[in-house]
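Single-letter residue listing:
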Amino acid sequence: RLTVQVNDQNKRRREILNEFLDLKGNIRVFCRVKPLDSKNSRAPVSSDTRNVIIKLTESKRKTYNFDRVFQPDSSQDDVFLEIEPVIKSVIDGYNACIFAYGQTGTGKTFTMEGLPESPGIVPRAIKALFKQVEQSNHKFVIKFSMLEIYMGNLRDLLVSQGTKPISPIPPSLLIHTDPKGEIDIENLVTLKVTDSDEVFKLYKLGCRSRATAFTNSNSASSRSHCMIRVSITCAGAPERLRERNKIWLVDLGGSERVLKTKATGRRFDEGKAINLSLSALGDVINSLQRKNAHIPYRNSKLTQVLKDSLGQDSKTLMLVHISRKEDDLCETICSLNFATRAKNIHLGQDESKE
Ligand code: ADP
């Protein structure tokens, strides 16, 4: 039985890789539905492997189609099985970008970072990357950087030792485009790493340096975008042929609309900055999907940083997180609408229950 399962997984891996290598399918949008906290809660949201169905009224349903929907009982293994080919594509010479999008509390950090007993995409991706490098005939150099975008400014998370806030907040790092079209972030700490344990240590240090890590808020991750960059250079190739490929793993700030929350003061400003950059990201992805001549990368730091990893040959994966709770329905619909713009997702017919 185990052999059958492994064969099935390998078959699925090959299918996903082929889908990703198909140039028509460079942006994929997946959805992950968070389990309800209580079995007794009413849930106007249901799903199957490709669709999310919203019950708008007793007689009206709306269906959103995705490349893949992870059910409330999907495991971290199930998620990573679909993600792994993106990691493979980096070794094969592509840039890639994986985002977790959604309202605060819907499981973005759970998906990206996971828990010690249930690791998420970041630790699994790092391990998979090192494993693939080990198995390759070529010699690769791997480098790691970590930054956050807080209130519209880039903050390098590897400059401090992570024991106290970086104070004062360093001036925003400058972003340049080099002659090859690659994005260069001035003075961003980029460390050569030789194994996954080294990366995990740096990752923990980086998390401790986040601007929001020093407040008494349990929603620290909702107030800035946390971005990890792993770049890979094939060391054996002649200098002029050396390609540097990279993957960005991004835990986006919470997408809840700040005007609808009761936030005031700094919290309001943080939410506003996040809303602006998420909307700029949506505009860029939408323009790429429509193959517009002008792609509005310059409208936010988030899209400027990711310019050479979004579009063209890059592989982009957006994981939209939603809640099933009735109280969250408005935000869930907003996230599903964002996903619809991000990909020309086919929006199912509104259905009426007989
Ligand atoms: P976000 O990063 O979107 O604000 P979190 O990842 O912090 O949300 O998730 C909020 C809580 O819900 C955490 O305690 C997390 O462990 C739990 N959680 C989220 N998604 C799942 C899931 N798919 N299965 C089990 N627990 C989850």
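Residues numbered from 1 in each chain as written. Predicted model: local features only at pLDDT ≥ 70, side-chain atom pairs only at ≥ 80, totals over all residues.

**Q** Sorry, what's going on with the overall build of the protein chain here?
**A** A count of helices and strands for the protein chain gives 8 helices and 17 strands. Taking all 354 residues of the protein chain together, 39% fall into the buried category. A separation of at least 24 residues holds for 66% of the contacts in the protein chain among residues at least 6 apart in sequence. (Helix = DSSP H or I, 4+ residues; strand = E, 2+ residues; numbered from the N terminus. Buried ≥ 20, exposed ≤ 12 C-beta atoms within 10 Å, placed from the backbone. Contact = placed C-beta atoms within 7 Å.)

**Q** In this structure, what is going on with the UniProt feature "binding site: ATP" (unreviewed entry) in the protein chain? I would like to understand it.
**A** When the UniProt feature table is mapped onto this chain numbering, "binding site: ATP" (unreviewed entry) sits at G102, Q103, T104, G105, T106, G107, K108 and T109. Note on placement: G105 falls in the loop between β6 (96-102) and α3 (108-112). Along the chain, G107 turns up in the loop between β6 and α3. Classification of G107 as buried rests on a count of 21 C-beta atoms within 10 Å. Ignoring any residue separated from it by four or fewer positions in sequence, one finds G107 in contact with R32, K34 and H321. (UniProt positions renumbered as here; feature names shortened; annotations may be inferred.)

**Q** Even after reading the chapter, I still don't get the nonpolar core, so can you show me in this structure?
**A** Soluble globular proteins tend to bury their nonpolar side chains together. Counting 74 residues, the largest nonpolar core has I98 and L249 as its most contacted members. Examining the composition of this core, we find that 7 residues originate from one element, helix α4 (residues 121-135), more than from any other. With sequence-adjacent residues up to four places away left out, I98 is seen in contact with I83, V86, I121, L249, V250 and L317. (Core = buried A, V, L, I, M, F, W, Y, C linked by C-beta atoms within 7 Å.)

**Q** Help me understand the site of the ligand, please; the structure alone is not making it clear to me.
**A** With respect to spatial proximity, 14 residues lie near the ligand, and among them T104, G107, K108, T109 and F110 are the closest. Looking at the shell around the ligand element by element, the count peaks at 3 residues for α3. Counted by class, the shell around the ligand contains 2 nonpolar, 10 polar and 2 charged residues. (Near = placed C-beta within 6 Å. Nonpolar A, V, L, I, M, F, W, Y, C, P; charged D, E, K, R; others polar.)

**Q** I tried to follow the pairing of strand β10 (residues 153-156) on my own but got confused; where do I start?
**A** Along any regular strand the residues' side chains alternate between the sheet's two faces. Note that strand β9 (residues 140-150) and β10 share 4 bridges and pair antiparallel. Across the sheet, the residue bridging to E148 is R155, located in β10. Hairpin connection of β9 to β10: 2 residues between the antiparallel strands, including M151 at a positive phi of 50 degrees. (Pairing = 2+ DSSP bridges.)

**Q** Teacher, can you tell me more about the packing of α4 against helix α5 (residues 196-208) here?
**A** Helices that pack against each other are described as a pair by the angle of their axes relative to one another and the distance between those axes. Running from N to C, α4 and α5 cross one another at 150 degrees; their axes reach a closest spacing of 9 Å. Of the possible angle classes, the one that applies to α4 and α5 is roughly antiparallel. Read as a crossing pair, α4 and α5 show a hand that is right-handed. Contacts between α4 and α5 involve V122, P123, I126, K127 and F130 from the first element and S196, V199, F200 and Y203 from the second. Its residues assigned to classes, the contact of α4 with α5 shows 7 nonpolar, 1 polar and 1 charged. (Axes fitted to C-alpha atoms, helices over the stretch in contact; angles between N-to-C directions. Parallel < 35°, antiparallel > 145°, perpendicular 65-115°, else oblique. Left-handed = near helix turned anticlockwise from the far one by under 90°.)

**Q** Sorry if this is basic, but what is going on with unusual backbone geometry here?
**A** Outside of glycine, negative phi angles account for most residues, and trans bonds account for most peptide bonds. In the Ramachandran plot, M151 falls in the positive-phi region, its phi being about 50 degrees despite a non-glycine side chain. Within the secondary structure, M151 is located in the loop between β9 and β10. Look at M151 and you get partly exposed, because 16 C-beta atoms sit within 10 Å.

**Q** Sorry, what's going on with helix α6 (residues 265-289) here?
**A** In an α-helix, one full turn covers 3.6 residues, which means residues spaced three or four apart are oriented alike. In this model, α6 (25 residues) spans 36 Å end to end at C-alpha, consistent with the 36 Å of a helix rising 1.5 Å per residue. Of the positions making up α6, those classed as buried are E270, G271, A273, I274, S277, L278, L281, V284 and I285. Buried-residue contacts for α6 involve β1 (27-33), β9, β14 (225-234), α7 (301-305) and α8 (329-342). K291, located one to two residues past α6, shows a positive phi value of around 55 degrees. (Expected span 1.5 Å × (residues − 1).)

**Q** Looking at this structure, how should I read the confidence of the model for the protein chain?
**A** Do not read the fine detail of predicted coordinates wherever pLDDT is low. Here the protein chain averages 83 in pLDDT, and 80% of its residues register 70 or above. Throughout residues 345-354 the model reports pLDDT below 50, and contacts reaching past four residues in sequence, or to other chains, amount to 21 contacts. (pLDDT = per-residue confidence, 0-100.)

**Q** I would appreciate a short explanation of the environment of K62 in the present structure.
**A** Relative to the helices and strands, K62 is located in strand β4 (residues 60-65). We classify K62 as partly exposed; it has 16 C-beta atoms within 10 Å.

**Q** Honestly, the environment of L173 in this entry has me stumped. Any pointers?
**A** Position of L173 among the secondary structure elements: in the loop between β10 and β11 (175-177). On the basis of neighbour counts, which here come to 17 C-beta atoms within 10 Å, the residue L173 falls in the partly exposed class. Sequence spacing of L173 and R32 is 141 residues, and the spatial spacing of their C-alpha atoms is 33 Å. Those residues in contact with L173, other than ones at most four positions away along the chain, are L154, D156, I185, E186, N187 and L188.

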